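The chain contents come next:
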Amino acid sequence: MRLLILSLLFIIVNTSKGQHYQLKKVETNVVSSFRGLSIVDNNVAWISGSKGYVGRTADGGITWSFNQVKEFESADFRSIYAFDDQKAIIANVGSPAKILITTDAGKNWQTVYTNSHPDAFLDGVDFWDAEKGIIYGDPIDGRMLILITNDGGQNWVDVKEPPLLEKGEASFAASGTGIRCTSEHEVIITTGGLVSRLWISKNNGESWASVSTPIVQGKNTTGTFSFTQQDNILTIVGGDFQNESLNTNHNFYSKDHGKNWSTPIRPIRGYRECVESIGNSILMATGPSGTDISFDNGVTWKRLSDEKGLHVIRKARKGSRVITAGSNGQLFLIE
């Protein structure tokens, strides 16, 4: 376990509306690529990544403790959902796919699901409430892997009719934000690759309908990597992770639930793996080449930071705390 101290490095960002955001670097001393991030409130947040690392803070990110999950030191935990300062769920990428749960602040973990199919690959997790949640993954035998829990993550079952995907259509476990439970019964999931769509269920995953997107697609490395919904406006980001400078067809928004899509007046500067709603029409998007911000729900974007190697940015479900993280143990508080 390591106690982490907030460093003195501040990256000051001045916005066009007179607001000032600081990326405050936290020295983690952990060599891990962070992609899983779940912020409960202004105090409690959990983070997960490669080499089996899971981190936790209970003081708003000022200090963190990190542990490698025993017997999972080579696992890449790209999906995480935290309920409070004691309970969290993590899932790894690759086969065998496993879901683990802790109820004692990460001291002990219990494996509650295993899928040994060679194509098993879990991409993201979210919950409608404290009991009912959903995890999705890449297709097995042509159908998206979708699991549902009704008891807070202790047991997981396959849905009866998961989406039937096109050849080459899958998902990206880049930031855990390719899935969001957007209302009491609705959930939206993104896909990418040769085909990139939004899959929407309005009955907790029992049935599904798809929405086409205009984002760049057609290769295994292209498509929608993340989406967010704020004020009934859908925003999607992505691109081609082999061409991070691509600045066309990688960022769109829709005001009618995906029936029609618009290109931002000034789009995100390039490939992005995560977009997050911060509130008051503010969005932030991040990726390996930098971070961008919008003050008008994605119509126009501007530079927020050129910090390299970031993968995920999340806001507290209850509160205003915003954190971004990425490669080589990078971790920043955004204020």
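Residues numbered from 1 in each chain as written. Predicted model: local features only at pLDDT ≥ 70, side-chain atom pairs only at ≥ 80, totals over all residues. Heavy atoms only, no water.

1. Topic: the overall build of the protein chain
Defined as follows: Secondary structure elements are taken from DSSP: a helix is a run of H or I of four residues or more, a strand is a run of E of two residues or more, and numbering for both begins at the N terminus. Put simply, the radius of gyration uses C-alpha atoms, and a globule should come to 2.2 Å times the residue count raised to 0.38. Working definition: with a 1.4 Å probe on protein chains only, accessible area under 20% of the residue-type maximum means buried, over 50% means exposed, and in between means partly exposed. Here a residue-residue contact requires only that any non-hydrogen atoms of the pair lie within 4.5 Å. His is not counted here, nor are the chain ends, while Lys and Arg score as positive and Asp and Glu score as negative. Where a charge sits is defined by one atom per residue type, namely NZ (Lys), CZ (Arg), CG (Asp) or CD (Glu).
Within the protein chain one finds zero helices and 30 strands. The C-alpha atoms of the protein chain give a radius of gyration of 18 Å, which matches the 20 Å a tight globule of 335 residues would have. Along the three orthogonal principal directions, the C-alpha set of the protein chain runs to about 50 × 50 × 35 Å. Put simply, the protein chain has 335 residues, and 60% of those count as buried. Excluding contacts between residues fewer than 6 apart, the proportion of contacts in the protein chain whose partners are at least 24 apart in sequence is 47%. Computed over 33 positive and 35 negative side-chain charges, the separation of the two mean positions in the protein chain equals 5 Å.

2. Observations concerning the nonpolar core
Using the following cut-off: Only buried residues count toward a nonpolar core, which is a set of Ala, Val, Leu, Ile, Met, Phe, Trp, Tyr and Cys residues joined through side-chain atoms within 4.5 Å.
The biggest cluster of nonpolar side chains holds 30 residues, and the ones touching the most others in it are Tyr21, Ile47, Trp64, Met284 and Ile323. Elements with a minimum of two residues in this core: strand 2 (20–26), strand 3 (34–39), strand 4 (45–49), strand 24 (274–279), strand 25 (282–287), strand 28 (310–315), strand 29 (322–326) and strand 30 (331–334). A total of four residues in this core trace back to one element, the largest contributor, which is strand 30. Discounting residues that sit within four places of it in the chain, isoleucine 47 has contacts with Phe34, Gly36, Leu37, Tyr53, Val54, Gly55, Trp64, Phe66, Ile80, Ala325 and Leu331. Counting 18 residues, the second largest nonpolar core, distinct from the first, contains Ala97, Ile99, Val125 and Leu147.

3. Some thoughts on the pairing of strand 3
Cut-off, in case you're wondering: Following DSSP output, two strands are said to pair if at least two bridges run between them.
Judged by how many residues are buried, strand 3 sits mostly within the fold: six of six residues are covered. Bridge count between strand 3 and strand 4: five bridges; the pairing is antiparallel. Across the sheet, residue phenylalanine 34 finds its bridge partner in strand 4, namely glycine 49. Connecting the antiparallel pair strand 3 and strand 4 is a turn made up of five residues.

4. Some details on the pattern of salt bridges
What counts, and what does not: Here a salt bridge means any side-chain nitrogen of Lys or Arg lying within 4 Å of a carboxyl oxygen belonging to Asp or Glu.
Inspection of the entire model under this criterion finds 14 salt bridges. Across the pair arginine 35 and glutamate 273 runs a salt bridge whose closest N-O atoms are separated by 3.5 Å. Of this pair, arginine 35 sits in strand 3 while glutamate 273 is found in the loop between strand 23 (251–254) and strand 24, placing the two residues 238 residues apart along the sequence. Per residue, the accessibility class of arginine 35 equals that of glutamate 273, and both read buried. Between aspartate 292 and arginine 272 there is a salt bridge, with the nearest N and O atoms lying 2.7 Å from each other. Taken together, the residues aspartate 292 in strand 26 (residues 290–294) and arginine 272 in the loop between strand 23 and strand 24 connect sequence positions 20 residues apart. Just as aspartate 292 is buried, arginine 272 falls in that class too. A single network of salt bridges, built from pairs that share partners, joins Arg269, Arg272, Asp292, Arg303 and Asp306.

5. Overview of the environment of lysine 167
On the secondary structure map, lysine 167 appears in the loop between strand 14 (157–158) and strand 15 (169–170). Residue class for lysine 167 comes out exposed when judged on its relative accessible area of 77%. With 26 residues separating them along the chain, lysine 167 and glycine 193 place their C-alpha atoms 9.3 Å apart.

6. Quick look at unusual backbone geometry
Cis peptide bonds are those with omega within 30 degrees of zero, and the linkage from serine 95 to proline 96 qualifies with 0 degrees. Positionally, proline 96 belongs in the loop between strand 8 (88–91) and strand 9 (97–102). One non-glycine residue, glutamate 71, lies in positive phi territory at about 70 degrees. The backbone of alanine 105 shows a phi angle near 65 degrees, a positive value even though the residue is not glycine. Within the fold, alanine 105 resides in the loop between strand 9 and strand 10 (110–115).

7. Focus: the confidence of the model for the protein chain
Residues shown with low pLDDT carry predicted positions that ought not to be read at fine detail. Basically, it comes down to this: Within a predicted model, pLDDT stands for the predictor's per-residue confidence, ranging from 0 to 100.
Across the protein chain, pLDDT averages 94, with 94% of residues at or above 70. Under a pLDDT of 50 for its full length, residues 1–16 has, in the predicted model, 56 contacts with residues more than four places off or in other chains.

8. Quick word on the sheet that holds strand 4
Filter applied, for reference: Axis angles are defined between N-to-C directions and span 0 to 180 degrees, where every axis is a line fitted to C-alpha atoms and, for a helix, only to the segment in contact.
If you walk across this open sheet you meet the four strands as 3-4-5-6, and the pairing is antiparallel. Sheet topology places strand 3 and strand 6 (65–68) at the edges, where each strand pairs with a single neighbour. In this sheet, neighbouring strand axes are inclined to one another by 15 degrees on average, regardless of whether the strands run parallel or antiparallel. As paired strands, strand 4 and strand 5 (residues 53–57) are joined by four bridges and run antiparallel to one another. When the bridges of strand 5 are listed, serine 48 appears paired with valine 54.

9. Digging into the pairing of strand 28
In terms of burial, strand 28 is largely enclosed, as five of its six residues are buried. Looking at chain direction, strand 28 and strand 29 are connected through five bridges and run antiparallel. Note on strand 29: the bridge partner recorded for valine 312 is alanine 325. Where strand 28 folds back on strand 29, the antiparallel hairpin that results is connected by six residues, among which glycine 319 adopts a positive phi of roughly 135 degrees.

10. Considering the sheet that holds strand 11 (residues 122–127)
Strand order across the open sheet formed by four strands is 11-12-13-14, with antiparallel pairing between neighbours. Each end of this open sheet is capped by a strand with a single partner; those strands are strand 11 and strand 14. As defined by bridge partners, strand 12 (residues 133–140) adjoins strand 13 (residues 143–149) across seven bridges and the pair is classed as antiparallel. Within strand 13, the position partnered with isoleucine 140 by the bridge is arginine 143.

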